Amino acid sequence: MSGSVAGAVPAGASRRIPEGFLLGTASAAHQVEGGLWNDWMRMERQDPWRIKDGSSAAAAIDHLHRYREDLEMLAGLGQNAQRFSIEWARVEPEPGRFDAAALRHYADVVATCRRLGMEPVVTLHHFTLPVWLADRGGLLDRAAPGLFARYAAVCAEFLGDAVRWWVTINEPNVLAAVAYSAGQWPPHRRSPVAAMRAQAALLRMHVAATRALRDVATRRGHRVMVSIAHHERPFRPLPGSAAARLAAPLPHYLFNRWFLRSCATGRLLPPVGGGQHLPGLAGSLDYLGVNFYTEERVRFDPRAYTTLFVSPQPDPSVPRSAAGWAIDPDAFRRVLTDLWREFHLPLLVTENGVADEDDELRPAYITDHLRAAMEAVREGADLRGYLYWTGFDNFEWLDGYAMRFGLIAVDRATLERRPKRSAAVYAEICRSRVIPPCTPPPGAEVSPPAPGGRARPRVRGSGRPRYPAGRTGSPDPG
Ligand code: NOJ
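Basis of the calculations
- Residues numbered from 1 in each chain as written.
- Predicted model: local features only at pLDDT ≥ 70, side-chain atom pairs only at ≥ 80, totals over all residues.
- Pairing = 2+ DSSP bridges.
- Helix = DSSP H or I, 4+ residues; strand = E, 2+ residues; numbered from the N terminus.
- Axes fitted to C-alpha atoms, helices over the stretch in contact; angles between N-to-C directions.
- Parallel < 35°, antiparallel > 145°, perpendicular 65-115°, else oblique.
- Contact = placed C-beta atoms within 7 Å.
- Left-handed = near helix turned anticlockwise from the far one by under 90°.

This brings us to the sheet that holds strand β7 (residues 235–237). Two pairing modes exist for strands in a sheet, parallel and antiparallel, and in both the strands are linked by backbone hydrogen bonds. Spatial ordering of the open sheet is given by β7-β11-β12, a layout of three strands whose pairing is mixed. Here the strands that pair on one side only, and so sit at the sheet edges, are β7 and β12 (310–312). Pairs of neighbouring strands in the sheet enclose a mean axial angle of 50 degrees, with direction left out of account. As paired strands, strand β11 (residues 296–300) and β12 are joined by three bridges and run antiparallel to one another. Among the inter-strand pairings, R299 is bridged to a residue of β12, identified as S311.

Another aspect to go through is the packing of helix α13 (residues 362–378) against helix α14 (residues 421–432). In contact at an axis separation of 8 Å, α13 and α14 are set at 25 degrees when each is read in the N-to-C sense. The angle between α13 and α14 falls in the class roughly parallel. Along the contact surface, α13 presents R362, P363, I366, T367 and L370, while α14 presents R421, S422, V425, Y426 and I429.

This part covers the sheet that holds strand β14 (residues 383–389). Pairing in this closed barrel of eight strands is parallel, and the strands run β2-β3-β4-β5-β6-β10-β13-β14 around the ring. Looking at each pair of strands side by side, their axes are set apart by 25 degrees on average, direction ignored. Sheet analysis places strand β10 (residues 288–292) next to strand β13 (residues 347–351), joined by four bridges and oriented parallel. In the sheet register, N291 faces β13, and the bridge partner there is E351.

Right, let's talk about unusual backbone geometry for a bit. Between P186 and P187 the backbone carries a cis peptide bond, its omega angle lying at 10 degrees. Tracing the backbone through its elements, the reader meets P187 in the loop between α8 (172–181) and α9 (192–220). In this structure, T390 follows W389 across a cis peptide bond, with omega equal to 20 degrees. Its location among the elements puts T390 in the loop between β14 and β15 (408–410). Of note, F127 is a non-glycine position whose phi angle comes to about 75 degrees, a positive value.

So, about the packing of helix α3 (residues 63–76) against helix α5 (residues 100–115). The interhelical angle for the contact between α3 and α5, taken along N-to-C directions, is 20 degrees, at an axis separation of 10 Å. Viewed along their axes, α3 and α5 adopt a mutual orientation that is roughly parallel. Every pair of crossing elements has a handedness; the one defined by α3 and α5 is right-handed. Taking contact as the criterion, the partners of Y67, R68 and L71 in α3 are, on α5, V109, T112 and C113.

Structure (structure tokens):
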């Protein structure tokens, strides 16, 4: 491994993206499809006050019906990959009854991706559960791993050999923390112990689904790559605070490392388990899907028991997104190199993105983070691709539609799609396979890509990215 540039990603150098590197966007069924009935939809109906703008995912962006045009638009940006999730509740609306029309729908999504030259990256579980499973204990039901494996096997059989990249579970650490410890998502538990049990349950579900996917693939003589999408959110202690330095390793271990180290060792590591061997766990990751958004500066906080005694302490000198998350591309480089050095698994960035209402931050965010990713490659990381979160503005969980991560805006009244300036910037990168040395500042002239067509954006302007500093907002991961 070559000596790294300490502390900063070089801004001046352009970077060529390696041959075969996947470039695309990511999405999740509940956030885009509409017409769903699952534990989230039930919560949105029963407790609409929980969603900040009072909205729901009932219609979402109607991707269920518009997926062909939507995928054409994304392919028009020059993407060669696309991540999406299959909705368990749609495919298995009642226990043991699999819906052939739903399966045909997802098979067509996969086929459309392939026809448009985009490698499908398919997630089996992205935060939501069928109501019938939620009602019998959800993740904590003892039967959950077996039920999840059965669903995974049906999906693998049905989608045939067209899917190579699988994500069993999206962000198990976030789901366990937010739904079982912070109590904000269904099933609204507020117990760190329940959160640990949820992490263990998600681990067992991952193992069971991995085995099912591999069994189907082996029978068909097909090779698959299976992982989770791991959310990495480093907790960096505030400089000069010994208490923060002592407190930060525990949440880091439980949130960022427990799941991965359990997979690496094949054991249910303490404090969640007692170190017992779990058959099928070792080697259950063929690659490592990485979702990265931000790094947290933390201070010691004896009252913050649901976050294991650390609280975020925003650094006013670091620019922040509309979600209040610090923007620090060099933290991304560090995360990729750290994960590579510890686990030695091929990496795929399954999500990276920014909430930004007016698309002022996004062009620079994307180019800076891609440059950081290429720097990690230069330092030795085996990085296979980068998927921006997300193609279209969509339902951002408790934030409703107010938080916008998309390259393409969606008019809430008409659902009309309109590519933003950042779509043109991303399209130019996808087309040229070169990350520009600097990012067009807000106001620079950029032609948006034509819907459906190959993008030929004109990008003018120069200078370092300018982030409006000092924004604040919700610190919740999601
Ligand atoms: C990660 C989650 O997987 C995704 O569903 C969410 O929208 C983004 N983070 C942004 O918060």
